[in-house]
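# Coordinate analysis (summary)
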Amino acid sequence: QAFHGYFFAAAYLLWQVLVAEIGPQWEAAASALEAAILILLGLSWRDRALRLVGGGALIGSALYVIALGLFYEQQRWSAWHMESAATVTALVFGLSWCYKRLPSPPHFEAEAVFHPGFIGLGTLLLTVILWTEVHSRWLSVAWGIEGLILVAAGFLQQDKPLRIAGLAVFALLVVKIL
């Protein structure tokens, strides 16, 4: 138990140093990368606490990107590096793929929601990024392509949450068109 306390304190201090040193434009990407490292270490060491803290930190980074895209002015989002948002999105989708490959419970019962949850979060991230970056004339096309890719990937990987995410994007597209 002492290991976890020291490890989480070190991870928090590392996060504070990263935020202070790399600037706000890469803050979310650095936090998501650190969270991904925590998750991967937790998977290799079979340590649930590391995986759960890493998953929570990754969710926090993704929600930060979504908040920037939805609630801040377009000028602030444009000044913010899109590479950082793309990095967070790629990490969320990549870690959802890792969680799909986990063995069945009881070792990973708390993380059973991470695979579909990360797919939903990654889809929301990508949809918000497209909404803020794509011209309104092409937004329907962009969301249509996103939905098509998600559904196709869901069929190719036999992954129901991916197919549902693609259909949700299509539903959003129908609501936008109407």
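For the structure, see preceding data.
This section reports on the structure supplied with the text. (Residues numbered from 1 in each chain as written. Predicted model: local features only at pLDDT ≥ 70, side-chain atom pairs only at ≥ 80, totals over all residues. Heavy atoms only, no water.)

### Notes on the side chain of Ser96
How we decide: Only DSSP runs of H or I with at least four residues qualify as helices, and only runs of E with at least two residues qualify as strands; both kinds are numbered from the N terminus onward. The criterion used for residue contact is that any of the two residues' heavy atoms lie within 4.5 Å.
Tracing the sequence through the fold places Ser96 in helix H5 (residues 82–100). Leave out the neighbours within four places in its chain, and Ser96 touches His115, Phe118 and Ile119.

### Some points on the environment of Ala142
Its place among the elements puts Ala142 in helix H7 (residues 139–156). Expressed as a C-alpha distance, the spacing of Ala142 and Phe3, which sit 139 residues apart in the sequence, is 46 Å. Leaving out residues up to four positions away in the same chain, Ala142 has contacts with Leu130 and Val134.

### What to know about the packing of helix H2 (residues 27–45) against helix H3 (residues 48–71)
Rules: Between the N-to-C directions of two axes lies an angle of 0 to 180 degrees, each axis being a line fitted to C-alpha atoms and, for a helix, fitted only over the stretch in contact. For classification, angles of less than 35 degrees are called roughly parallel, those exceeding 145 degrees roughly antiparallel, those between 65 and 115 degrees roughly perpendicular, and all remaining angles oblique. Working rule for handedness: look at the near helix, and if it is turned counterclockwise from the far one by less than a right angle, call the crossing left-handed; if clockwise, right-handed. Residues are grouped as follows: nonpolar covers Ala, Val, Leu, Ile, Met, Phe, Trp, Tyr, Cys and Pro; charged covers Asp, Glu, Lys and Arg; every other residue, Gly included, is treated as polar.
At their nearest, the axes of H2 and H3 sit 8 Å apart, and the two run at 160° to each other. Considered as vectors, H2 and H3 are oriented roughly antiparallel to each other. At the point where H2 passes H3, the crossing takes the left-handed sense. Seen from H2, the contacting residues are Glu27, Ala28, Ser31, Ala32, Ala35, Leu38, Ile39, Leu41, Gly42, Leu43 and Trp45; seen from H3, they are Leu50, Arg51, Val53, Gly54, Gly55, Ala57, Leu58, Ser61, Tyr64 and Val65. For the contact of H2 with H3, the per-class residue count stands at 14 nonpolar, five polar and two charged.

### So, the nonpolar core
To keep things clear, this is the line we draw: In this text, buried Ala, Val, Leu, Ile, Met, Phe, Trp, Tyr and Cys residues form a nonpolar core when linked through side-chain atoms within 4.5 Å. Relative accessibility under 20% of the residue-type maximum defines a buried residue, over 50% an exposed one, and the middle range a partly exposed one, all with a 1.4 Å probe and only protein chains included.
If you look at the biggest cluster of nonpolar residues, it comprises 23 residues, and the most contacted ones within it are Ile39, Leu58, Val88, Val92, Phe118 and Leu125. Contributing elements (two or more residues each) for this core: H2, H3, H5 and helix H6 (114–133). In terms of nonpolar packing, the next biggest core, distinct from the first, is built from ten residues, Ile119, Leu130, Trp143 and Val169 among them.

### Examining the side chain of Glu146
The criterion, for reference: Under the counting rule used here, the positive set is Lys and Arg, the negative set is Asp and Glu, and His together with the chain ends is not counted. For this analysis, a salt bridge means a side-chain nitrogen from Lys or Arg found within 4 Å of a carboxyl oxygen belonging to Asp or Glu.
Tracing the sequence through the fold places Glu146 in helix H7. Lys176 is the oppositely charged side chain nearest to the buried, salt-bridge-free Glu146, at an N-O distance of 12 Å. The contacts of Glu146, once residues within four sequence positions are left out, are Thr123, Leu126, Thr127, Leu130 and Val169.

### Some remarks on the packing of aromatic side chains
Where we set the bar: The aromatic pairing rule takes the rings of Phe, Tyr and Trp, using the six-membered ring of Trp, and pairs them if the centres are within 6.5 Å, calling planes under 30 degrees apart stacked, those over 60 edge-to-face and the rest tilted. Two thresholds decide whether a charge sits over a ring: the Lys NZ or Arg CZ must be within 6 Å of the ring centre and within 35 degrees of the ring normal.
Taken as a whole, this structure holds eight aromatic pairs when the rule is applied. Judged by centre distance (5.4 Å) and plane angle (40°), the ring pair of Phe3 and Phe7 falls under tilted. Taken as a pair, Phe3 and Phe7 lie in helix H1 (residues 2–22) at a separation of four residues, close to a single helical turn. Seen in terms of ring centroids, Phe7 and Trp45 are 6.1 Å apart; in terms of plane orientation they differ by 75°. Their pairing is edge-to-face. Taken together, the residues span a long stretch of sequence, with Phe7 in helix H1 and Trp45 in helix H2 at a distance of 38 residues. Of the residues examined, Trp45 reaches a relative accessible area of 46% and is grouped as partly exposed. Grouped by ring-pair contacts, the aromatic residues Phe3, Phe7, Phe8 and Trp45 constitute a single cluster. Above the face of the Phe155 ring, Arg163 is positioned so that its terminal group lies 5.2 Å from the ring centre.

### Considering a nonpolar patch on the surface
Condition: Patch members must show over 30% relative accessible area and no salt bridge, and they are joined within 9 Å when carrying like charges or within 5 Å when they are nonpolar side chains of Val, Leu, Ile, Met, Phe, Trp or Tyr. Computed by Shrake-Rupley with a 1.4 Å probe, the accessible areas treat only the displayed protein chains as cover when residues are assessed.
Where nonpolar side chains cluster on the molecular surface, the patch consists of Leu70, Phe71, Tyr72 and Trp131 and spans about 470 Å² of accessible area. Looking at where Trp131 falls in the secondary structure, it is placed in helix H6. What makes Trp131 partly exposed here is its relative accessible area of 43%.

### A look at the packing of H7 against helix H8 (residues 160–177)
A pair of packed helices is captured by two measures, namely the crossing angle of their axes and the spacing between those axes. Running from N to C, H7 and H8 point in directions that differ by 160°, and their axes come no closer than 7 Å. When the interaxial angle is binned, H7 and H8 end up roughly antiparallel. H8 is crossed by H7, and the crossing has left-handed handedness. Only Leu162, Arg163, Ala165, Gly166, Leu167, Val169, Phe170, Leu172, Leu173, Lys176 and Ile177 of H8 make contact with H7, whose side of the interface consists of Leu139, Ser140, Trp143, Gly144, Glu146, Gly147, Leu148, Leu150, Val151, Ala153, Gly154 and Phe155. Here the residues of the contact of H7 with H8 are counted per class, giving 15 nonpolar, five polar and three charged.

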